[in-house]
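Working through the structure, step by step
Here are the chains, one letter per residue:
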Amino acid sequence: MKRRAVWGVIVIAGGLWVQGCAAPEPSQDLLAPTEAQMKIRSVQTRVFDIADRQQAMRGVITALQDLGFIVERANEPLGLVTAARFAEPNYYDVVGVTVTVRQETAERMMIRANAIFNNKPIEDPKVYQNFFATLERSLFINTNKDNKGEQSTPRQ
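Residues numbered from 1 in each chain as written. Predicted model: local features only at pLDDT ≥ 70, side-chain atom pairs only at ≥ 80, totals over all residues. Heavy atoms only, no water.

Our next topic: the confidence of the model for the protein. Counting all residues, the mean pLDDT for the protein is 85, and 78% of those residues have values of 70 or more. Per-residue pLDDT, averaged within each element of the protein, yields its smallest value for helix H1 (residues 2-21) (68) and its largest for strand E3 (residues 80-86) (97). Here residues 150-156 scores under 50 on pLDDT; set against residues more than four positions off or in separate chains, the count is 1 contact. (pLDDT = per-residue confidence, 0-100. Helix = DSSP H or I, 4+ residues; strand = E, 2+ residues; numbered from the N terminus. Contact = heavy atoms within 4.5 Å.)

Here it is as structure tokens:
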């Protein structure tokens, strides 16, 4: 009788163990965008009337530097810029940003910024509005310099 009970427990435990090893089936909409993702994407993206991708990349880099970021990588063929800075007042907090620049039409560039604070996404629209306002000023200044034929000189 005891032997039968022990075998019963072993069979049940074995069945549970095998069932626990089975991977759950992923849902069909695993990678489908949600309403919240679409909303934050619309806040993170702007289209600018600029035809030159290099000029747009220079504007992004300048805007990030104006905001106190240190540019970590800039890959012009991919249209990708990553930067980071320490957040105030706690200098152990880090803000990171990734900006992508891609051609929408022959005369327009789509620029998307994605910011994180201590590895958590920033969803506050004001943060992105501030970045795009700075970027707009940067593109305006760079465009006017290029149109006037001035050589840009480094600051001392």
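Together, Phe86, Tyr91 and Val94 line one region of the surface with nonpolar side chains, adding up to about 330 Å² of accessible area. Mapped onto the elements of the fold, Val94 is located in strand E4 (residues 94-105). (Patch = residues over 30% accessible without salt bridge, like charges linked within 9 Å, V, L, I, M, F, W, Y side chains within 5 Å. Areas by Shrake-Rupley, 256 points an atom, 1.4 Å probe, with all protein chains shown as cover. Salt bridge = Lys/Arg side-chain N within 4 Å of Asp/Glu carboxyl O.)

Below, the discussion takes up the environment of Gln54. As for its position among the elements, Gln54 is in helix H3 (residues 53-66). Residue Gln54 is classed as partly exposed on the basis of its relative accessible area of 45%. Remark: the alpha-carbon pair of Gln54 and Pro77, spanning 23 residues in sequence, is separated by 9.3 Å. (Buried < 20%, exposed > 50% of the residue type's maximum accessible area, 1.4 Å probe, protein only.)

What follows deals with the side chain of Thr82. Looking at the secondary structure, you find Thr82 in strand E3. Owing to a relative accessible area of 14%, Thr82 belongs among the buried residues under this scheme. Residues contacting Thr82, with those up to four places away along its chain left out, are Ile70, Val71, Glu72, Arg73, Val97 and Thr98.

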